[in-house]
Amino acid sequence: MASAVRRRESAIAVGLDPDPARLWRGGVAVPSGTDPGRAAASAVADHCRRVLDATAPACVAVKLQSASFERLGPDGLRALRDVAEHARQLDLLVLLDAKRGDIDVSAAAYAAAAFSGVETPWGPVPGVAADAVTVAPYMGRDSVVPFIDAGRPTGGGVFVLVRTSNPGAADLQEHAMQDGEPVWARVARMVAALGEASVAGADAVSDVGAVVGATAPERLRRLRELMPATPFLLPGVGAQGGRVEDLAPAFAPGPGSAIVTASRSVVGADDGAEDPAPAARRAAEELRALAAAL
């Protein structure tokens, strides 16, 4: 992450959570009579490639919302892998936003799907080959460790949900424990400990990151104290109300310490224009400049 942020001079990830009913105009023509799943997946993949072609110069990564592709069936999963490969060709990191949360055999299977795939008696079946995957920690350390173990051989990592951007985050994450600290502080300490072994050198970042919502910037300073070497993934900018200008504590350790993600505010920036690509590029460039100022 640190080297990619330096190389591309950006700390912005464009988020892709494509809705088949709300794709960019002028997409690929799907022949009539095509199976609905295949037709939708083809149109979604074309849309995502065009978004990436427009925004990649301003970004360091793409965040792919796995569920948006999975709901389209087998063809949607193929589209997910195709879009991930297109992003890699554009020199973007691939962040798989799957928010998996299970243990033991199931966690290992989810991890294999996100990273390198699985060996079978009939040969290897590839995974998404993501650079990182989001993980839900509600079941504890053993729901996170299989992802860390699967990612490390190929340089991959995880982003653990710590203090998320949604309004419902207050229901559990803000709940005060017996020592007076909120639940997110306990999770933050676990995240820091899980990634400690991967940190080598004063400027290094951990391969265990934290999802920290941009909609709660008042939590950032304490979260950074608890996780000094942890990279932050910062959703919630734009449509959810978060502002890049409020995120300075997340960037304090230096390049690679934080990535801002934006989806609707970039992909939907066209405001009815015939060609949405220039507006998306401008929106991504504006976010890039704001993050660089931090």
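Structure first, text after, so check above.
A quick note: this is a predicted structure, and the numbers were derived from the prediction, not measured.

Caption draft 1: Representation of the pattern of salt bridges. Enumeration over the complete set of coordinates arrives at 20 salt bridges. The residue Arg-281 makes a salt bridge to Glu-285 at a minimum N-O spacing of 3.1 Å. Of this pair, Arg-281 and Glu-285 both sit in helix H12 (residues 277–292), separated by four residues, roughly a single helical turn. Residue classification places Arg-281 among the partly exposed positions, given a relative accessible area of 32%. One salt-bridge network, in which partners are shared between bridges, spans Glu-181, Arg-189, Arg-222 and Glu-225.

Caption draft 2: Expanded view of the pairing of strand E7 (residues 157–163). Among the seven residues of E7, seven are classified as buried, and the element is accordingly described as predominantly covered. Note that strand E6 (residues 132–135) and E7 share four bridges and pair parallel. Each residue of the ladder has a partner; that of Val-133, found in E7, is Val-158. Considered for its hand, the β-α-β crossover made up of E6, helix H6 (residues 145–151) and E7 is right-handed.

Caption draft 3: Here's a closer look at the sheet that holds strand E9 (residues 232–234). Read around the barrel, eight strands follow the order E1-E2-E3-E6-E7-E8-E9-E10 and close on themselves; strand pairing throughout is parallel. Sheet twist, expressed as the average angle between the axes of neighbouring strands with direction ignored, equals 30°. By the bridge criterion, five bridges tie E7 to strand E8 (residues 208–212) in an arrangement that is parallel. Counterpart to Phe-159 in the pairing with E8 is Gly-209. The sheet contacts of helix H8 (residues 183–195) involve E7 and E8, and relative to E7 the element is tilted by about 165°.

Caption draft 4: Representation of a nonpolar patch on the surface in the model. Together, Ile-103, Tyr-138, Met-139 and Leu-172 line one region of the surface with nonpolar side chains, adding up to about 460 Å² of accessible area. Mapped onto the elements of the fold, Met-139 is located in the loop between E6 and H6. Classification of Met-139 as partly exposed rests on a relative accessible area of 42%.

Caption draft 5: Here's a closer look at the pairing of strand E10 (residues 258–262). Counted residue by residue, E10 has five buried out of five residues, so it is predominantly covered. Along E10, one buried face is formed by Ala-258, Val-260 and Ala-262 and the opposite face, lined by Ile-259 and Thr-261, is buried too. Sheet analysis places strand E1 (residues 12–16) next to E10, joined by three bridges and oriented parallel. Along E10, the bridge assignment pairs Ala-13 with Thr-261. Strand direction decides the pairing type here: E9 and E10, joined by three bridges, are parallel. In the sheet register, Phe-232 faces E10, and the bridge partner there is Ala-258.

Caption draft 6: Fine view of the nonpolar core. Counting 76 residues, the largest nonpolar core has Phe-232 and Leu-234 as its most contacted members. The element contributing the most residues to this core is helix H2 (residues 36–55), with eight residues. What Phe-232 contacts, discounting residues up to four positions off in sequence, is Phe-159, Ala-210, Val-212, Leu-220, Leu-223, Arg-224, Met-227, Ala-250, Ser-257, Ala-258 and Ile-259. Counting 14 residues, the second-largest nonpolar core is a separate cluster that includes Val-60, Leu-93, Leu-95 and Ala-132.

Reading the values: the criteria
- For every chain, the first residue of its written sequence is number 1, and the numbers climb from 1 along that sequence.
- The predicted nature of this model means local features are confined to residues of pLDDT at least 70 and side-chain atom pairs, given and counted, to a pLDDT of 80 or more, with totals for whole chains, interfaces and linings taken over all residues.
- Note that the side-chain values use all heavy atoms of the structure and ignore hydrogens as well as water.
- Basic side-chain nitrogens of Lys or Arg form a salt bridge, by our definition, when they fall within 4 Å of a carboxyl oxygen of Asp or Glu.
- To qualify as a helix, a DSSP run of H or I must reach at least 4 residues; to qualify as a strand, a run of E must reach at least 2; elements of each kind are numbered from the N terminus.
- Buried, partly exposed and exposed residues are distinguished by accessible area as a fraction of the type maximum, computed with a 1.4 Å probe on protein chains only: under 20%, between the cut-offs, and over 50%, respectively.
- A pair of strands is treated as paired once DSSP finds two or more bridges between them.
- Crossover handedness is defined here as right-handed if the route from the first strand over the helix to the second strand goes clockwise, with the strands pointing away from the viewer.
- To obtain each axis, a line is fitted to C-alpha atoms, and for helices this fit is confined to the stretch in contact; angles are then taken between N-to-C directions over 0 to 180 degrees.
- Working rule for contacts: check all heavy atoms of both residues, and any pair within 4.5 Å makes them a contact.
- Residues enter patches when their relative accessible area tops 30% and they take part in no salt bridge; the joining distance is 9 Å for like charges and 5 Å for the nonpolar side chains Val, Leu, Ile, Met, Phe, Trp and Tyr.
- For accessible areas, the Shrake-Rupley method is used with a probe of radius 1.4 Å. Any residue's cover is judged against the shown protein chains and nothing else.
- The term nonpolar core refers to a set of buried residues drawn from Ala, Val, Leu, Ile, Met, Phe, Trp, Tyr and Cys, joined through side-chain atoms within 4.5 Å.

Worth remembering: the numbers are spatial, not functional.
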